[in-house]
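Descriptive structure summary
For reference, the chains in residue letters:
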Amino acid sequence: MESQPPLSVERVSNRILYIVSMNHAVNDGSVYLLSSLFPVVLSLFSVSVFQVGILVGLGYLVSVVFQPVVGRYSEGRNPKKVLALGIAIISAAIASFVLATDFLTLLGSALLLRVGSSFFHPVGVSAVSKEYRGARLGHAMGFQSAFGNLGILLVFVSSAPLYFLLGWKATFLAFALIGVVDVAVTLFIFGTSHWNGRHTGGNKGTDHPAKAHQGRLGIPFFFVATTFISGGSYSVILNFMNILLKEQNHLDVFRANVVVSAWIASAFFGAISAGRWSRALRPILLLSFVYFATAASIFAFTFLSASLLLVITSLLVNGFAISATYPLTYTELSRYLGLDATTRGRSFGTIFSAQTVGGSVLGLASGYLSDTFGLPFAFASLGVLALLASGLTLSWERATVPERKKD
């Protein structure tokens with residue numbers, strides 16, 4: 001009987017990880033559902049590309065506003081119920097797309113969708129950070145991050161066939177139903193009274209936050225800058241890469257989207273394996289390396305575009321590397337917070353806002369740079385930012401050496 005409590009603790013932690021991962025897939029897939037059907041939206045609702053940009057840009061703005069609010073709201077509350085609330089709002093927003101008749105009604109549904117999606121990242125990732133430590137923390141962060149990529153991949157490969165088979169309304173109702181099932185599973189099937197019990201600081205006693213590096217936003221500038229770059233790079237590649245492939249490699253839209261889907265699949269494997277890499281190399285040094293690999297791969301597919309095989313290979317490396325930056329950053333933030341578990345919600349809310357701002361700002365900047373200097377210049381600028389992130393990570397590693405020795 002003595003060994004039963006530890007077994008129960010591990011089961012509860014794993015159960016929470018599975019809930020969070022499932023929610024991550026539904027959340028991120030739902031966010032990109034409309035994006036995956038933008039070519040349909042352009043013709044079906046007679047909207048312009050500029051109006052599509054407004055849908056994306058204002059959606060990011062809503063996330064920037066709501067993520068820190070949700071992070072602060074979630075502190076001290078049952079994460080299971082907060083996650084379910086966010087997915088419920090997402091399901092209602094997706095269902096409301098069946099009532100869309102013009103740009104304004106599309107915009108209303110898109111903004112409501114972004115309100116719902118603002119719940120997952122500060123709440124779900126914070127919940128995982130409380131459950132694990134050491135190498136298991138890195139593995140858990142990679143596991144749940146990979147499911148976000150999996151959700152996006154499944155939406156990109158299924159939404160268009162469903163639309164052609166079932167039509168606009170039935171397609172969105174089907175995806176809304178997935179959200180309803182997610183809410184039911186989160187609240188009932190995986191329900192546990194232990195979620196808010198002992199799990200109020202899984203890292204307690206193992207880490208010592210480097211308070212000397214505290215920034216005005218409540219966490220150091222390093223976390224804000226790197227997640228800004230990661231989020232922006234991911235967004236730009238996901239939204240502009242098929243255009244670059246069409247211009248540089250003369251691929252039609254279908255083949256370009258197949259290549260982008262392969263990039264998303266590579267991102268899935270990069271995220272899920274990040275925890276295993278960190279067993280061979282310290283996570284913070286590994287983070288610097290994957291930022292460097294991200295930069296190198298961007299330069300490769302931008303300037304060595306004559307060979308489609310090289311472009312695809314570089315993209316696969318890029319997806320693998322850029323997706324690893326997320327769980328590795330979350331792991332480092334969890335180490336930094338350490339005993340200060342009371343601010344986890346707002347801290348993760350802050351970095352996810354930075355990630356979203358990066359997607360918005362770099363997305364708009366890439367559009368401007370593409371019109372002015374061409375798409376290759378815009379992508380090369382991303383490569384420079386990724387190199388900067390690699391340098392910032394090394395600088396952070398050196399600045400926190402004393403705290404790591406204490407750990």
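All values derive from a computational prediction rather than experimental measurement.

1. Considerations on the overall build of the protein
When helices and strands are counted, the protein shows 16 helices and 0 strands. Relative to its 407 residues, the protein shows a buried fraction of 56%. The contacts of the protein with a sequence gap of at least 6 include a subset with a gap of at least 24, amounting to 85%. As presented, the protein carries roughly 16,900 Å² of accessible surface, and 69% of it is formed by carbon and sulfur atoms.

2. Some points on the environment of T302
Tracing the sequence through the fold places T302 in helix α12 (residues 283-303). The sequence separation of T302 and L315 amounts to 13 residues, and the corresponding C-alpha distance is 10.0 Å. Excluding its chain neighbours within four sequence positions, the residues that come into contact with T302 are Q248, P376, F379 and A380. In this structure the side chain of T302 is engaged in a polar contact, spanning 2.7 Å, whose partner is the backbone oxygen of I298.

3. Things to note about a nonpolar patch on the surface
A contiguous nonpolar surface patch, about 320 Å² in accessible area, is contributed by L58, L61, V65 and F66. Within the secondary structure layout, L61 lies in helix α4 (residues 49-74). On the basis of relative accessibility, which here comes to 47%, the residue L61 falls in the partly exposed class.

4. A short note on the environment of L37
With respect to the element layout, L37 can be found in the loop between α2 (33-36) and α3 (38-44). Classification of L37 by relative accessible area gives buried; the value is 1%. Sequence separation between L37 and Y163 is 126 residues, and the spatial gap between their C-alpha atoms is 8.6 Å. Excluding residues within four positions of it along the chain, L37 makes contact with S159, A160, Y163 and F172.

5. Some details on the packing of aromatic side chains
Across all of its chains, the model carries 19 aromatic pairs by this definition. On the numbers, 5.1 Å between centres and 40° between planes, the contact of F97 with F172 is tilted. A residue pair is termed long-range when its members are at least 10 positions apart, and F97 in the loop between α5 (79-96) and α6 (103-117) and F172 in helix α9 (residues 168-189) qualify at 75 residues. Exposure class is identical for F97 and F172. Each is buried. Pairing F222 with F223 gives two aromatic rings, centres 5.0 Å apart and planes at 65°, and the pair type is edge-to-face. Each member of the pair, F222 together with F223, is buried. Within the aromatic cluster, the residues linked to one another by ring pairs are Y18, F143, F147, F268 and F269.

6. Quick look at the confidence of the model for the protein
Across the protein, the average pLDDT comes to 81, with 84% of residues at or above 70. Ignoring residues within four places in sequence, the model shows residues 197-213, a span with pLDDT below 50, making 53 contacts including any to other chains.

7. Focus: the nonpolar core
In a soluble, globular protein the nonpolar side chains are often hidden away together inside. Counting residues in each nonpolar core, the largest one holds 70 residues, and the members touching the most others are M241, F348 and F379. Looking at which element gives the most residues to this core, the answer is helix α10 (residues 221-249), with 12 residues. Apart from residues no more than four positions distant in its own chain, F348 is found in contact with P122, V125, S126, S129, M141, Y330, L333, S334 and L337. With 31 residues, the next largest nonpolar core counts A84, A93, F97 and V183 among its residues.

8. As for the packing of α10 against helix α15 (residues 375-399)
α15 packs onto α10 with a crossing angle of 155° between their chain directions and a minimal axis gap of 9 Å. In terms of axis orientation, α10 runs roughly antiparallel to α15. α10 and α15 meet at a crossing whose hand is left-handed. Among the residues forming the contact of α10 with α15, the class breakdown is 19 nonpolar, 4 polar and 1 charged.

9. Here we look at the side chain of T356
Relative to the helices and strands, T356 resides in helix α14 (residues 344-373). Judged by its relative accessible area of 7%, T356 falls in the buried class. Ignoring any residue separated from it by four or fewer positions in sequence, one finds T356 in contact with Y60, S63, V64 and Q67.

10. Structural notes on the packing of α10 against helix α13 (residues 308-337)
The interhelical angle for the contact between α10 and α13, taken along N-to-C directions, is 165°, at an axis separation of 10 Å. Here α13 runs roughly antiparallel to α10, going by the angle between their axes. Taken as a pair, α10 and α13 cross one another with a handedness that is left-handed. Contacts from F222, F223, T226, T227, S230, G231, S233, Y234, I237, M241, L245 and N249 in α10 reach L308, V311, L315, N318, I322, T325, Y326, T329, E332, L333 and Y336 in α13. Looking at the contact of α10 with α13 residue by residue, the classes come out as 13 nonpolar, 9 polar and 1 charged.

11. Brief notes about α10
Where α10 bends most, the angle comes to about 50°, and this point is F240. Counted residue by residue, α10 has 21 buried out of 29 residues, so it is predominantly covered.

Cut-offs and rules
Residues numbered from 1 in each chain as written. Predicted model: local features only at pLDDT ≥ 70, side-chain atom pairs only at ≥ 80, totals over all residues. Heavy atoms only, no water. Helix = DSSP H or I, 4+ residues; strand = E, 2+ residues; numbered from the N terminus. Buried < 20%, exposed > 50% of the residue type's maximum accessible area, 1.4 Å probe, protein only. Contact = heavy atoms within 4.5 Å. Areas by Shrake-Rupley, 256 points an atom, 1.4 Å probe, with all protein chains shown as cover. Polar contact = N/O pair within 3.5 Å; in protein donor to acceptor, adjacent residues only side chain to side chain. Patch = residues over 30% accessible without salt bridge, like charges linked within 9 Å, V, L, I, M, F, W, Y side chains within 5 Å. Salt bridge = Lys/Arg side-chain N within 4 Å of Asp/Glu carboxyl O. Phe/Tyr/Trp six-rings, centres within 6.5 Å; stacked < 30°, edge-to-face > 60°. pLDDT = per-residue confidence, 0-100. Core = buried A, V, L, I, M, F, W, Y, C linked by side-chain atoms within 4.5 Å. Axes fitted to C-alpha atoms, helices over the stretch in contact; angles between N-to-C directions. Parallel < 35°, antiparallel > 145°, perpendicular 65-115°, else oblique. Left-handed = near helix turned anticlockwise from the far one by under 90°. Nonpolar A, V, L, I, M, F, W, Y, C, P; charged D, E, K, R; others polar. Bend = angle between axes of the 7 residues up to and from the residue.

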